[in-house]
Amino acid sequence: MFLWPIYGISKYYTKKKVDLTSGKTNTLMHKCFKKSMHVFAIDVGCDNELTLEFYSLLSPKYNTHRFGIFFTNTPKHADLLAILSRPTQMMVDPLLEAINQMPQPFGIMLLENSDIGIPFETLNIPNVVAHLKGNIDAQTIFSTMLSVMGRW
Amino acid sequence: MKRLLGIIKKHNQEQLLVQSGSFVGILDESQKNDFKAYSILSDQKQSKSITGELFNFRLGPLSGASLECGTYNIYTYGERMVDVDIDISYKSRGIENLMCGKNTTHALTLSENVCANFAFSHSVAFSRAIEEAYKITISDYCRFTRLILIEVERIYNHIFVISRLAMAAAQKVYASHLIYLFDDLLSLNKKFFQSRFLKGINKIGSMNYIPISQIKIFVEQLDKIVNEFLKIYEFSLKSVNYLDRLHNTGVLTINDFDDINFDGPALKAIGYYTDIRQFESDFDFKPIVETDGDSLARMIVRAKEVQQSLNIIKSLLEKFKKDSLELDVNLYNDSKTRIGIGQCESPSGTITYYVELTGNIIDYVYISTSSMFLFNTIEKALKGQIFTDFAFTVDSFGAFFADAAK
């Protein structure tokens, strides 16, 4: 019981004040998720290349947990939403609903490896912190996530 | 064994794309009653009725449990899956329609975009269809390199499927090791062929030039990875707890084949096969079969096929002595109408392309993929299982929504 006030005072002086209502999303992501970031990857109609590249990130070779990157099973627990490829027509509504469920603050990473599907530009997706195109491998995804965290 | 591969619908008329032994061709609609799978392929599935305490537990299209955006409508009263209906439409990109009106080179790129983990098989099946339409004879170099890379694709896909099963069974160390090997194989592809999923290597009538010396070094490194896989796979067979979860899960019988016409390791696991590699003259092929028809049998078939694929690659390398620079084949852009059918044995079953062209422009294309049949098989295999068996059943088939929805 005696230690709790000391803990509270030290917490007060060491806590970084982050304004969640202003500033660019990238800066906000650096401030909030420098030490750890939870990622939810959603497939909205890709040819599985990006899905399997994300799956490869579970390999011990990348050791994502060491860098504070964790994969979640729902957008409600995620800080970063990775959208794998341009969406099919039927996946537009589920995608927008997933974005709607993200807790503030959040960032969105767009990945596209072909020109099949509805272009991202037409969907007005908010808080885009990274947009990868072309040949995207696990290493590129990993380094981009680190740069979103402000660690690369 | 005869199979209905698909239904070709044009001008309000239907034709049947069928296979029987080494024959692949078109039959008249009047013979549809010979194939029970006709009702499945013509989307005449009966809608499921919910009665009593049953409710629809809907999984997907966005779910952490599934890698892809498909939907499983699971009709249950709480524990047992009484009926299952899988909706693949969320993933449909209309690739067949996108191919129409495009030239063959553009359509070849689109065929690689159907399903990345079967990208090379799709590419080879499509180019074989065009080569048949144009009566192009490919060089020995092109034939051998294609056969080698088809087996490479099989190896990394099988390791991926087994890693999914290990993950479902919470065998974390084993699963991590398998994902490491899977990523290693993709990196090896990138190093030697400039593409992790073997895209952009195959062309119509030819291949990108890869020196034989480079292929030999590739195979030496592949050998090490496969041996490491076999070592840890043998070790995994000592875990009775793991095997018990796969044994007697998602059991299929030959009657299910009659109803659905699936193929690949799922069919081999019940003791039968329609593998088109048996008609190849460039290597000796003896299909690997098991008899139990459950998830364990499907996993064993895949693991043994990894070893078999490596042996096939080595035997092809012994025969394949000379490499040659391949020249691009020019396809006549005349107004002649041509038709071609091409096939390739993908890791999960046969892929067939039926193509109609005018000049070198695609008029019509129909793609028959193994996953189209396997999702119907999964519906059948899940019936009566409890929820904890869901992942063991689904992942053991190696079916992909991207491959089925196209």
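Residues numbered from 1 in each chain as written. Chains lettered and ligands numbered in written order. Predicted model: local features only at pLDDT ≥ 70, side-chain atom pairs only at ≥ 80, totals over all residues.

A. Inspection of the overall build of chain A at higher detail. Across its full length, chain A carries 5 helices and 5 strands. If you list the helices and strands of chain A from N to C, you get α-α-β-α-β-β-α-β-β-α. Summarising the internal contacts of chain A: among those between residues at least 6 apart in sequence, 78% fall at separations of at least 24. (Helix = DSSP H or I, 4+ residues; strand = E, 2+ residues; numbered from the N terminus. Contact = placed C-beta atoms within 7 Å.)

B. Quick peek at helix α3 (residues 49–56) of chain A. With 8 of 8 residues buried, α3 of chain A lies mostly within the body of the structure. Listed as buried for α3 of chain A are E49, L50, T51, L52, E53, F54, Y55 and S56 of chain A. On the buried face of α3 of chain A, the contacting elements are β1 (37–43), β3 (80–84), β4 (107–112) and α5 (138–148) of chain A together with α6 (172–193) of chain B. (Buried ≥ 20, exposed ≤ 12 C-beta atoms within 10 Å, placed from the backbone.)

C. Inspection of the packing of α6 of chain B against helix α7 (residues 212–236) of chain B at higher detail. All names here are of chain B. In the contact formed by α6 and α7, the axes pass within 11 Å of each other and the chain directions differ by 175 degrees. Taken together, the axes of α6 and α7 are roughly antiparallel relative to one another. Residues Y174, H177, L181, D184, L185, L188 and F192 of α6 touch α7, and the partners they reach there are Q214, F218, Q221, L222, I225, E228, F229, I232 and S236. Residues that form the contact of α6 with α7 fall into these classes: 10 nonpolar, 4 polar and 2 charged. (Axes fitted to C-alpha atoms, helices over the stretch in contact; angles between N-to-C directions. Parallel < 35°, antiparallel > 145°, perpendicular 65-115°, else oblique. Nonpolar A, V, L, I, M, F, W, Y, C, P; charged D, E, K, R; others polar.)

D. Geometry of the pairing of strand β2 (residues 13–20) of chain B. All names here are of chain B. Taken together, the 8 bridges between strand β1 (residues 2–10) and β2 define a ladder with antiparallel strand orientation. Following the sheet pairing, R3 is matched in β2 by Q19. Adjacent in sequence and paired antiparallel, β1 and β2 are bridged by 2 residues, among which H11 carries a positive phi angle near 50 degrees. Where β2 folds back on strand β3 (residues 23–28), the antiparallel hairpin that results is connected by 2 residues, among which G21 adopts a positive phi of roughly 65 degrees. (Pairing = 2+ DSSP bridges.)

E. Region of interest: the sheet that holds strand β2 (residues 69–71) of chain A. Residues and elements named next belong to chain A. Read across the sheet, 5 strands follow the order β2-β1-β3-β4-β5 without closing on themselves; strand pairing throughout is parallel. The strands lining the two open edges of the sheet, one partner per strand, are β2 and β5 (128–133). The average undirected angle you get between the axes of adjacent strands in this sheet is 25 degrees. Inspection of the sheet shows β1 paired to β2 by 3 bridges, in the parallel sense. Across the sheet, residue H38 finds its bridge partner in β2, namely F70. Against the sheet, α5 makes contact with β1, β2, β3, β4 and β5, and its axis sits at roughly 160 degrees relative to β5, the strand it touches most.

F. Structural context of the packing of helix α5 (residues 140–168) of chain B against helix α11 (residues 295–319) of chain B. Residues and elements named next belong to chain B. Running from N to C, α5 and α11 point in directions that differ by 155 degrees, and their axes come no closer than 9 Å. Accordingly, the angle class assigned to the pair α5 and α11 is roughly antiparallel. As for how α5 packs across α11, the hand of that crossing is left-handed. Taking contact as the criterion, the partners of F144, L147, I148, E151, R154, I155, H158, I159, V161, I162 and L165 in α5 are, on α11, M299, R302, A303, E305, V306, S309, L310, I312, I313 and L316. Among the residues forming the contact of α5 with α11, the class breakdown is 15 nonpolar, 2 polar and 4 charged. (Left-handed = near helix turned anticlockwise from the far one by under 90°.)

G. Examining the interface of chain B and chain A more closely. In this assembly, 28 residues from chain B lie in contact with 27 residues from chain A. The element best represented in the side of chain B that touches chain A is α6 of chain B, accounting for 7 residues. Within the side of chain B that touches chain A, the residues separate by chemical class into 16 nonpolar, 6 polar and 6 charged.

H. Broad picture of the sheet that holds strand β4 (residues 55–59) of chain B. All names here are of chain B. What the 3 strands build is an open sheet, ordered β4-β5-β6; its pairing is antiparallel. Two strands lie at the open edges of the sheet, namely β4 and β6 (81–87), each paired on one side alone. Taking the axes of each pair of neighbouring strands and ignoring which way they run, one obtains an average angle of 25 degrees across the sheet.

Note that every value here comes from positions in space, so none of it alone points to a role or purpose.
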